[in-house]
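Summary of the model geometry
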Amino acid sequence: MARASGTAMEGFLQGGFLHSASGIRYEVFSRDGEVWMSYDRDDAPERSNDQTVLDGEKELLYFIGSGHRGRTYLYQEGGEWFETPINFYGKRQLWDMAPNYGLTKTMPVALPIDSNCLHCHASAVQTALPEARNRYDGPPFRQGGIGCSACHGDASKHLEEQGHGPIVNPAKLTPVRRDSTCLQCHLEGNVAVYRAGKSLAEFRVGDDLADYVVYSVKASAKTGGGRASSQYEALLRSACKAASGDKLTCTTCHDPHSSPSAEERVNYYRSRCLVCHTGSRIATEHHPEQKDCAVCHMPTRVAVDISHEQETDHDIQRRPHPDVSIARFLDTAEADDLLPVGKVAASDREMGLAYAQLAEGGNQRDAEKALRLLLKAEKSGASDAELHTKLGFIEQMAGDKSDARKEYGESLMQDPYDATALGNLAVLDAVSGHTADAVSLLQRAVDADPSQITAGLNLAFIECRVGNKEKARQILMSAARFDPDDPNLRKFLSSGTYAGERCNLR
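The text that follows walks through the structure, step by step, so that each part is easy to find. Bear in mind the structure is a predicted one, so any value in this text is a computation, not a measurement.

Quick notes on the rules
- Residues numbered from 1 in each chain as written.
- Predicted model: local features only at pLDDT ≥ 70, side-chain atom pairs only at ≥ 80, totals over all residues.
- Heavy atoms only, no water.
- Helix = DSSP H or I, 4+ residues; strand = E, 2+ residues; numbered from the N terminus.
- Rg over C-alpha atoms; globule rule 2.2 N^0.38 Å.
- Buried < 20%, exposed > 50% of the residue type's maximum accessible area, 1.4 Å probe, protein only.
- Contact = heavy atoms within 4.5 Å.
- Pairing = 2+ DSSP bridges.
- Axes fitted to C-alpha atoms, helices over the stretch in contact; angles between N-to-C directions.
- Core = buried A, V, L, I, M, F, W, Y, C linked by side-chain atoms within 4.5 Å.
- Expected span 1.5 Å × (residues − 1).
- Polar contact = N/O pair within 3.5 Å; in protein donor to acceptor, adjacent residues only side chain to side chain.
- Salt bridge = Lys/Arg side-chain N within 4 Å of Asp/Glu carboxyl O.
- Phe/Tyr/Trp six-rings, centres within 6.5 Å; stacked < 30°, edge-to-face > 60°.
- Lys NZ or Arg CZ within 6 Å of the ring centre and 35° of its normal.

**With respect to the overall build of the protein**
Scanning the protein for helices and strands turns up 19 helices and 19 strands. Computed over C-alpha atoms, the radius of gyration of the protein comes to 25 Å, within 12% of the 23 Å expected from 2.2 N^0.38 for 506 residues, which places it in the range of a compact globule. Residue burial in the protein is summarised as follows: out of 506 residues, 45% are buried. Counting only contacts in the protein whose residues sit at least 6 apart along the sequence, the fraction spanning at least 24 positions is 53%.

Okay, structure coming up:
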């Protein structure tokens, strides 16, 4: 964990690859004491019409990931911080696209890095400025790696008194707060919703994680062993956890300060099992030819959320099924129900926002559940920018333009930089013929966060239509710094076509 982040040169791994789906070659290399990523695509005749010449570089400033499982890098563009679209995968010792981008035919849009993401990889993470979630007043974090404070709190008094001063010992906390120490980084769920006004970056050891964020999973989802980043979900389902209750926690089997060597691993974890499974027959007669308990009871699964990776299934079963097990949080739940992970109280707001996240993928049933819950939460007095924006989006998709406009207005009263509210309200103004209002909103969005490609494209198209062609070109060229391979942007620049309509930029 101490090696989870740092300066790019400290974590420099040279390499590259050709991504066949997009035709782009990526290279990571050093030059004059700095680390760079280059990307290029030839103008070969066999390329399809939507793939054109691409050539550029990004200076990489920080690395994220120890390299044991993987590593990626951070770069800065226009005062904002982004993650590279490529990763190094440690177990396979190869470079490839970041998860979920393996089949993309273009260079992925710039991936913003916010403080919630950095919280699990670095120390002294800074709070983002209000204009954009990935803009900071200086570097995004002040200390590379996960320091002692992540699990033990402020150590200044402890150090001043040569180790005799106060410091947090997670083992002495209540079970919920003890477990929160690990889960602040080792729990993901299908959906995560932050409590109103809360950020994971604000979490401090000794807090209850549920006061900051609610994690939910689908009742039908393949969880735990299928998702490398959230083994706690699987552990909750295990017979060992059911029998042991609060006595069983992450540190029952894992030492956060060290890991056993490859030679010690089998005996070390077997001894952890035998602390509870004390019968002499288990220790001496139960399959003496196989000392590795995990082979049968915690088999390695292919992880669905991390490319080139496998993980030990923590849904400890007496006779594991060969396939990844189905979540069993609540037998009576419908297949599409979302269920909070653990014994967490989730309000209508949190569950409504969780369904709203799923509804963004186009699921009508999730949208209906989100609408019902969010309206109920709003009627009960809940009011924050995220709630109003999500509610406005669902109402807009349902054709309720008047209600959507009201919700977006409420959102911008609380967060004048909410990019989604600005962009969607601008669309409503544009289709209603209120062009000046639409331009004002889109300009606010682009000024605050120039990486908002859709807002930039919409603004450029309106400016072009009203005759401000040079301004439209400038907006598009600025957007290209963040997403040089966006097909809509390239098509607009080359032919003046956008969203099925035309406006000649020349």
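**Overview of the environment of G153**
Along the polypeptide, G153 turns up in the loop between α2 (149-152) and α3 (156-160). Relative accessible area serves as the criterion here: at 13%, G153 is assigned to the buried category. The sequence separation of G153 and V205 amounts to 52 residues, and the corresponding C-alpha distance is 5.8 Å. Discounting residues that sit within four places of it in the chain, G153 has contacts with C148 and V205.

**Digging into the sheet that holds strand β14 (residues 213-218)**
Taken together, the three strands give an open sheet; going across it, the order is β13-β14-β17, and neighbouring strands pair in antiparallel fashion. The sheet terminates laterally at β13 (191-194) and β17 (338-340), the two strands that pair on one side only. Ignoring strand direction, the axes of neighbouring strands in this sheet form an average angle of 35°. Pairing geometry for β13 and β14, over four bridges, is antiparallel. When the sheet's bridge partners are listed, V193 is paired in β14 with V214.

**Looking at the nonpolar core**
Judged by nonpolar contacts, the single largest core of 53 residues is most densely connected at Y26, M37, L60, I86 and F492. Top element by residues in this core is helix α17 (residues 453-465). It accounts for eight residues. Apart from residues lying up to four places away in sequence, M37 is in contact with Y26, E27, V28, F29, G56, E57, K58, L60, T84, P85, I86 and M107.

**Considering unusual backbone geometry**
In the Ramachandran plot, Q162 falls in the positive-phi region, its phi being about 50° despite a non-glycine side chain. Despite not being glycine, H287 has its phi angle at roughly 45°, a positive value. Residue position: H287 is located in the loop between α9 (280-284) and α10 (293-297).

**Describing the side chain of S115**
Along the chain, the position of S115 falls in helix α1 (residues 115-118). Setting aside anything within four residues of it in sequence, one finds S115 in contact with V125, Q126, R133, Y136, S199 and A201.

**Describing helix α13 (residues 385-397)**
Residue pairs three or four apart in sequence face the same way in an α-helix, which turns once every 3.6 residues. Here α13 spans 18 Å end to end across 13 residues, near enough to the 18 Å set by a 1.5 Å rise per residue. Buried residues dominate α13, accounting for 10 of its 13 residues. Regarding α13, the residues found buried are A385, L387, H388, T389, K390, L391, G392, I394, E395 and Q396. On its buried face, α13 sits against α11 (348-359), α12 (364-379), α14 (401-414) and α15 (419-431). Its side-chain oxygen at 3.2 Å from the backbone nitrogen of E386, D384 defines the N-terminal cap of α13. Count one or two residues on from α13 and you reach G399, which has phi positive near 90°.

**Considering the pattern of salt bridges**
Applying the stated criterion across every chain yields a total of 24 salt bridges. Between R465 and E501 there is a salt bridge whose closest N-O contact spans 2.9 Å. On the criterion of sequence distance, the pair formed by R465 in helix α17 and E501 in strand β19 (residues 501-502) is long-range, its members being 36 residues apart. When its relative accessible area of 39% is taken as the criterion, E501 is described as partly exposed. The salt bridge involving R490 is made with D485; its shortest N-O contact spans 2.5 Å. Classification of R490 by relative accessible area gives buried; the value is 15%. Through salt bridges with shared partners, one network takes in R195, R349, E350, D384 and E386.

**Quick look at the packing of aromatic side chains**
Following the criterion strictly, the structure yields 12 aromatic pairs and no others. Ring geometry for Y62 and W81: centres 5.7 Å apart, planes at 50°, overall tilted. With Y62 in strand β5 (residues 54-64) and W81 in strand β7 (residues 80-83), the pair connects residues that are 19 residues apart, well separated along the chain. Each member of the pair Y62 and W81 is classed as buried. Ring-pair connections join several aromatic residues into one group, and the members of that group are Y62, W81 and F141. Seen from the ring of F63, R71 lies directly overhead, with NZ or CZ sitting 4.4 Å from the centre. Above the ring of Y212, the side-chain terminus of K198 is found at 5.1 Å from the ring centroid.

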